[in-house]
Amino acid sequence: MKPIQFYTIKSSGGLKVEISNLGAKITKLLVANRKGEVKDIVLGFRTADEWRTQETYFNAICGRVANRIKGGVFELKDESGKLKVYKLPINNGPNSLHGGIEGFNAKMWEVVEQSIYEIKLHYRSKDGEEGYPGNLDVWVTYTATKDNRLVIHYEAKTDAPTLVAMTNHAYFNLAGEGSGTVDDHVLQVFADRYTPFDEFTCPTGEIKDVEGTPMDFRQPVRLGDRMHDKFFEVWRGIDNNWCLCAADAPKELRHAATLQADGRTMECWTTMKGLQVYTGNWIEQHEGKSGSMYDIQHAVCLEAQNWPDSVHHDDFPNVVLMPGEKLDETTEYRFL
């Protein structure tokens, strides 16, 4: 087994990021607030063994397909046009979540390029891994820019028709990891529509307006005033997908959300068409990197991705990658 290693990139603007070859995870993210106070704003652990065994999605790249695939099964035509059925591991109720039992978050990645401000990692997912067809090569590049942006660039190529839709699952607490709940974080999501979920957090297939619902975050909302609403009770907090644009909209970098707390403002910009907001509803009693205990709703995730379960809905964004095509997506976390 390859050793778990940690690499640091930083910008002239003061942004400092530590990345691991395990899961291509962000293991530290140091950001100053308006007073110049620097804190690590992502949850995590102290030792390599803890990173491998505890809360394995913390700040990781999730794939091949982030979020849920209903029933852990899908149909896809091969290169000859023959329709085949693929069965995936079930690891979240009746669904397959974040690529399966050992998705990209649990894999050892190879560092292929590194500089002071940038690191590029590669992983080859072999044909049949976690039930997915095709040999899939993926690359993720993290860049710390001089204007304090953390840019995540995703690329992928395949030798057979397959599914791919990655995300980064960073667990943010802008007051600093170990600071307790995110009740006082203020969130704004720039989306007019969302995908309603069933009791297993899979889309029903509907696309609804946020107007008049607890999903309306078009104006800034204090999380503690909204995430305890009965609407979110089935998920113990927010764990929902917003539609940032139409499924067939042209690719462009869009302002998805703004999160504020403790004198820090973080904007999420992305070329992806969805944003899953998750308020750490299932974090329970984990000792974090600074020795404090993490618990429910001690973090918020802004997971820029395609809409969940897209493979089962024709009017959802495409998640099929064909040979000769290249996946090319970007997400930026901008610190102001």
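The notes below deal with the structure included here. (Residues numbered from 1 in each chain as written. Predicted model: local features only at pLDDT ≥ 70, side-chain atom pairs only at ≥ 80, totals over all residues. Heavy atoms only, no water.)

Turning to the pairing of strand β20 (residues 239-243), a few remarks are in order. For β20, the buried fraction is high: five of the five residues fall into the buried class. Of the two faces of β20, the one carrying Asp 239, Asn 241 and Cys 243 and the one carrying Asn 240 and Trp 242 are both buried. (Buried < 20%, exposed > 50% of the residue type's maximum accessible area, 1.4 Å probe, protein only. Helix = DSSP H or I, 4+ residues; strand = E, 2+ residues; numbered from the N terminus.)

In this section: the pattern of salt bridges. Across all of its chains, the model carries 22 salt bridges by this definition. Residues Asp 40 and Lys 289 are paired through a salt bridge, measuring 2.7 Å at the closest nitrogen-oxygen approach. On the criterion of sequence distance, the pair formed by Asp 40 in strand β4 (residues 38-40) and Lys 289 in the loop between β24 (286-287) and β25 (293-294) is long-range, its members being 249 residues apart. Under the relative-accessibility criterion, Asp 40 is labelled buried at 13%. One salt bridge connects Arg 222 with Asp 184, and the closest N-O pair in it is separated by 2.8 Å. Here Arg 222, found in strand β19 (residues 221-222), pairs with Asp 184, found in the loop between β15 (167-168) and β16 (186-189); they are 38 residues apart in sequence, far enough to count as distant. One salt-bridge network, held together by shared partners, links Asp 147, Arg 149, Glu 332 and Arg 334. (Salt bridge = Lys/Arg side-chain N within 4 Å of Asp/Glu carboxyl O.)

What follows covers the environment of Ile 152. The topology assignment puts Ile 152 in strand β13 (residues 149-158). The class of Ile 152 is buried, set by a relative accessible area of 0%. As for Ile 152 and Gly 23, which are separated by 129 residues in sequence, their C-alpha atoms are 14 Å apart. Excluding residues that lie within four positions of it along the chain, Ile 152 makes contacts with Val 140, Thr 141, Tyr 142, Asn 168, Glu 329, Thr 330, Thr 331 and Tyr 333. (Contact = heavy atoms within 4.5 Å.)

Looking now at the sheet that holds strand β2 (residues 16-20). Pairing in this open sheet of four strands is antiparallel, and the strands run β1-β2-β3-β4 from one edge to the other. If you trace the sheet from one side to the other, it starts and ends with β1 (6-10) and β4, each paired once. Averaged over all pairs of adjacent strands, the angle between their axes in this sheet comes to 15°, without regard to strand direction. Where strand β3 (residues 26-32) meets β4, three bridges bridge the pair, whose relative direction is antiparallel. In the sheet register, Leu 30 faces β4, and the bridge partner there is Asp 40. (Pairing = 2+ DSSP bridges. Axes fitted to C-alpha atoms, helices over the stretch in contact; angles between N-to-C directions.)

Right, let's get into the side chain of Arg 68. Looking at the element boundaries, Arg 68 is found in strand β6 (residues 68-69). With a relative accessible area of 8%, Arg 68 lands in the buried category. Within polar-contact distance, the side chain of Arg 68 engages the side chain of Asn 67 at 3.1 Å. (Polar contact = N/O pair within 3.5 Å; in protein donor to acceptor, adjacent residues only side chain to side chain.)

Right, let's talk about the sheet that holds strand β23 (residues 274-278) for a bit. Strand order in this open sheet of five strands is β18-β17-β20-β23-β26, and the pairing throughout is antiparallel. Of all strands in the sheet, those with a lone pairing partner are β18 (208-209) and β26 (301-305), marking the two edges. Sheet analysis places β23 next to β26, joined by five bridges and oriented antiparallel. By the bridge assignment for β26, Gly 274 is matched with Gln 305.

The next thing to look at is the packing of aromatic side chains. This model, assessed by the stated rule, comprises 17 aromatic pairs. Note on Trp 109 and Tyr 123: the rings are 5.9 Å apart at their centroids and 35° apart in plane angle, and the pair reads as tilted. Here the residue Trp 109 occupies a position in the loop between β9 (96-97) and β10 (110-114), and Tyr 123 occupies one in strand β11 (residues 118-125), the gap between them amounting to 14 residues. One exposure class covers both Trp 109 and Tyr 123, and it is buried. Pairing Phe 231 with Trp 235 gives two aromatic rings, centres 6.3 Å apart and planes at 65°, and the pair type is edge-to-face. (Phe/Tyr/Trp six-rings, centres within 6.5 Å; stacked < 30°, edge-to-face > 60°.)

Further remarks concern the environment of Ile 19. Within the element layout of this structure, Ile 19 appears in strand β2. C-alpha of Ile 19 to C-alpha of Tyr 142: the two residues are 123 residues apart in sequence and 8.5 Å apart in space. Not counting the four nearest positions on each side in its chain, Ile 19 is found in contact with Gln 5, Phe 6, Tyr 7, Ala 24, Lys 25, Ile 26, Thr 27, Ile 119, Leu 121 and Tyr 142.

The next thing to look at is the state of the cysteines. As enumerated under the stated definition, the model contains zero disulfides in all. Free cysteine: Cys 245, not disulfide-bonded; nearest cysteine sulfur from Cys 243 at 8.5 Å. According to the relative accessible area criterion, Cys 245 is buried, its value standing at 12%. (Disulfide = S-S within 2.5 Å.)

Glancing now at the environment of Trp 139. On the secondary structure map, Trp 139 appears in strand β12 (residues 136-144). Along the chain, Trp 139 and Gly 176 lie 37 residues apart, while their C-alpha atoms are 29 Å from each other.

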